[in-house]
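The primary structure of each chain is shown beneath.
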Amino acid sequence: MEGEVDDDDGTFTNISLADDTVDSGSAALYSKQENELFIMNCDIDGDMENQVEMEEKTRLINQVLELQHTLEDLSARVDAVKEENLKLKSENQVLGQYIENLMSASSVFQTTDTKSKRK
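Conventions adopted
- Residues numbered from 1 in each chain as written.
- Predicted model: local features only at pLDDT ≥ 70, side-chain atom pairs only at ≥ 80, totals over all residues.
- Heavy atoms only, no water.
- Helix = DSSP H or I, 4+ residues; strand = E, 2+ residues; numbered from the N terminus.
- Areas by Shrake-Rupley, 256 points an atom, 1.4 Å probe, with all protein chains shown as cover.
- Buried < 20%, exposed > 50% of the residue type's maximum accessible area, 1.4 Å probe, protein only.
- Polar contact = N/O pair within 3.5 Å; in protein donor to acceptor, adjacent residues only side chain to side chain.
- pLDDT = per-residue confidence, 0-100.
- Contact = heavy atoms within 4.5 Å.
- Patch = residues over 30% accessible without salt bridge, like charges linked within 9 Å, V, L, I, M, F, W, Y side chains within 5 Å.
- Salt bridge = Lys/Arg side-chain N within 4 Å of Asp/Glu carboxyl O.

A. Structural detail: the overall build of the protein chain. Counting secondary structure elements, the protein chain contains 2 helices and 2 strands. Shown N-terminal to C-terminal, the secondary structure of the protein chain runs as helices and strands in the order β-β-α-α. Here the protein chain displays about 11,400 Å² of accessible surface, and carbon together with sulfur accounts for 56% of that area.

Written out as structure tokens, the structure is:
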């Protein structure tokens, strides 16, 4: 039956009557080729996954470094504000003492003894 001509379009049709498992060499070769393609695809996928992982790691490292710099800047700003706060508290104490001294020296702000005036 091999090599029969198909009357409809004039092409040959090959039909194998043999058991496919008998010719295991071509099946094994095909399996080996298929296996190599699968391994190559896995390598490509693995390389792509590794590349994606490396890009993700790089992005995360850059983000961590940026956040560290931001934290350092904020920490420096907090220290500067604390110093400014201490300076302003000290100035307020000096001004408060100055105002108290002025008030005690002025007769306008002297306390009046209401009992002595009534007598």
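Picking up where we left off.
B. Region of interest: the environment of Thr70. Looking at where Thr70 falls in the secondary structure, it is placed in helix H1 (residues 24–105). Since its relative accessible area comes to 36%, Thr70 is described here as partly exposed. In terms of polar contacts, Thr70 uses its side chain to reach the backbone carbonyl oxygen of Glu66, at 2.9 Å.

C. Geometry of the confidence of the model for the protein chain. Predicted confidence across the protein chain gives a mean pLDDT of 75, with 54% of residues reaching 70 or more. Taken element by element, the predicted model of the protein chain shows its lowest mean pLDDT in strand E1 (residues 4–5) (49) and its highest in H1 (84). Low pLDDT (under 50) marks residues 22–29, which in the prediction has 0 contacts with non-local residues, meaning those over four places away or in another chain.

D. Main features of a nonpolar patch on the surface. Nonpolar side chains collect at one region of the surface, where Tyr98, Ile99, Leu102, Met103, Val108 and Phe109 lie side by side and expose about 640 Å² of accessible area between them. A relative accessible area of 38% means that Met103 is categorised as partly exposed.

E. Focus on the pattern of salt bridges. Summed over the entire model, instances satisfying the criterion amount to 1 salt bridge. With its nearest N and O atoms 2.7 Å apart, the salt bridge here joins Arg59 to Glu56. On the criterion of helical spacing, the pair formed by Arg59 and Glu56 is a turn pair, its members being 3 residues apart in helix H1. Among the residues examined, Arg59 registers a relative accessible area of 44% and is labelled partly exposed.

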